[in-house]
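# Results of the structural survey
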Amino acid sequence: MSVVAVIGAQWGDEGKGKIVDLLAEKADAVIRFSGGDNAGHTVINPGGEFKLHLVPSGIFYPRTACIIGNGVVINPRVLLEEMDSLKARGVDTGNLHISDRAHIIMPWDILLDRLDEEKRGPEAIGTTGKGIGPAFADKTARKGIRACDIIDAGTFRSRLASLMEPNNELLTRLYNAAALDFDTVFREYSAYAGRLAPYIKDTTSMISDLLERGSNIVLEGAQGTMLDTDFGSYPFVTSSSPLAAGACMGSGINPRRIDRVVGIFKAYTTRVGGGPMPTELKDEVGEYIRQRAHEYGTTTGRARRCGWFDAVVGRYSTNLNGFTSGILTRLDVLDEMDTVKICIGYKIGGRTVDRFPADAAALESCTPVYEELPGWKVNTSDARKAGELPRNARRYIRRLEELIGCQFHIISIGPRRDQSIVRKKVI
Ligand code: GDP
Ligand code: IMO
Ligand code: MG
């Protein structure tokens, strides 16, 4: 038995979907534990290419239970559309389970997310506009509606009645927007509840039983460590914890049960949305990476900002999560580079630091300190053993491992399941 948490180690989009799909072959259950449909996880397997936002990436193995945990916020319309589109492509969603404790994204959350971004103007966070921040704020302020609250019409009606008015006041008085209509929202969400009811259950007990039986469990992270509300580049972060600690909170698995924590690192850095990114390349190299790797957001289609690997971030992420394995993805993207750079520190106001600072303004103004290594100029996407990788690629990997303090047990050299070099089993 093993419980493996798969965590984004940078700013998201590290390739978690690909890796969870790979590891799920041996998993009895895959559990999403944080975020919502701000996530976009790409899976390319023999069934084709899939972009998942809420359904766990283990869904392609019918015997694997796929659980949307209590730590996820759910837009029921998006979830139903995703389930319908999977079914239309022959993927069975019968083994999907939704925590009765998961919170529901309400129409006001989506409106407030977008209106708040507009109000912030040039200081906008660059959210995905999916209502994530307001939904988690509602949850923490004890003003949320959970999956268990929408199944019974009477309970839902009274919960909605008490929350509709204050939210309409916010919309109309603070933002000058139109109010939402109670009956329209009630009807729409009751229809969603009718369809989702068979999937909504006590997943906390279900997970506890899976643990008792000695099952293999993969905890599927969303977002990345640098988007964590506490430890990320605040305030340019998301509103739930993508960390290994968040995996416990968002699933109900206690920390002593987690056997392995796997950090997914892209071989360079990307970020989508606003906020500091010390190694961002605003030149033709950044553009080259974006085009070669097609770095456009899976959820919003926005161009991702691209830059060199940031080892300050990498080490910070290893320390925060306690990675027992690293997985390096997208190494193939760097195949044609003459040289590759790694950021080993930041120059801030005349001082060089190798710790990630809390202050967004300091990060914004810092100059990265780079180490430069020779490129390999060889196509790596067909390699299937570490020994088949060119010497300079292995040198780059070794240097990253030294700097971040964690070994890469899988090297990914393409988006397909089989384009993976497994040096050591992680499940
Ligand atoms: P996630 O949010 O962490 O699941 O990552 P995304 O799916 O948003 O973005 C990762 C992208 O990289 C997807 O388009 C994947 O198909 C692709 N990908 C994953 N691993 C590799 C790899 O090793 N090489 C290449 N070239 N693409 C990869
Ligand atoms: P996956 O799981 C990359 C970013 C947004 C924005 C910030 C806050 O695919 O790696 P939010 O909508 O969460 O309030 O936006 O977080 N963001 C992501 N960036 N990958 C993601 O998920 C992200 N989810 C949120 O772009 O900067
Ligand atoms: Mg993504």
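For the structure itself, look to the data block above.
None of these values were measured; they are calculated from a predicted model.

### Some thoughts on the coordination of the magnesium ion (ligand 3)
- At this site the magnesium ion (ligand 3) is bound by Asp13 (OD) and Gly40 (O), with donor distances of 2.0 to 2.2 Å. Taken together, the residues Asp13 in the loop between β1 (3-8) and α1 (16-23) and Gly40 in the loop between β2 (29-32) and β3 (41-45) connect sequence positions 27 residues apart.
- With relative accessibility at 21%, the residue Asp13 sits in the partly exposed group.
- Of the residues examined, Gly40 reaches a relative accessible area of 11% and is grouped as buried.

### Observations concerning the packing of aromatic side chains
- Tallied over the entire structure, the rule returns ten aromatic pairs.
- Aromatic side chains Phe182 and Phe186 sit 6.0 Å apart centroid to centroid with 5 degrees between the ring planes, which places their arrangement in the stacked category. Within this pair, Phe182 and its partner Phe186 are both found in helix α7 (residues 182-196), separated by four residues, close to a single helical turn.
- Overall, Phe186 belongs to the buried group, its relative accessible area being 11%.
- Between Phe265 and Phe323, the ring centres sit 5.6 Å apart and the planes meet at 80 degrees, which makes this aromatic pair edge-to-face. Of the two residues, Phe265 sits in strand β11 (residues 260-266) while Phe323 sits in the loop between α11 (311-321) and β15 (325-329), which places them 58 residues apart along the sequence. Both residues of the pair, Phe265 and Phe323, belong to the buried class.
- By way of ring pairs, the aromatic residues Phe265, Phe309, Phe323 and Phe408 are connected into one cluster.
- In this structure, Arg157 packs its charged tip against the face of Phe186, placed 4.3 Å from the ring centre.

Cut-offs used in this document
- Residues numbered from 1 in each chain as written.
- Chains lettered and ligands numbered in written order.
- Predicted model: local features only at pLDDT ≥ 70, side-chain atom pairs only at ≥ 80, totals over all residues.
- Heavy atoms only, no water.
- Donors = N, O, S within 2.8 Å, 3.2 Å for Na, K, Ca; no water.
- Helix = DSSP H or I, 4+ residues; strand = E, 2+ residues; numbered from the N terminus.
- Buried < 20%, exposed > 50% of the residue type's maximum accessible area, 1.4 Å probe, protein only.
- Phe/Tyr/Trp six-rings, centres within 6.5 Å; stacked < 30°, edge-to-face > 60°.
- Lys NZ or Arg CZ within 6 Å of the ring centre and 35° of its normal.

In short, shape yes, function no, at least from these values alone.
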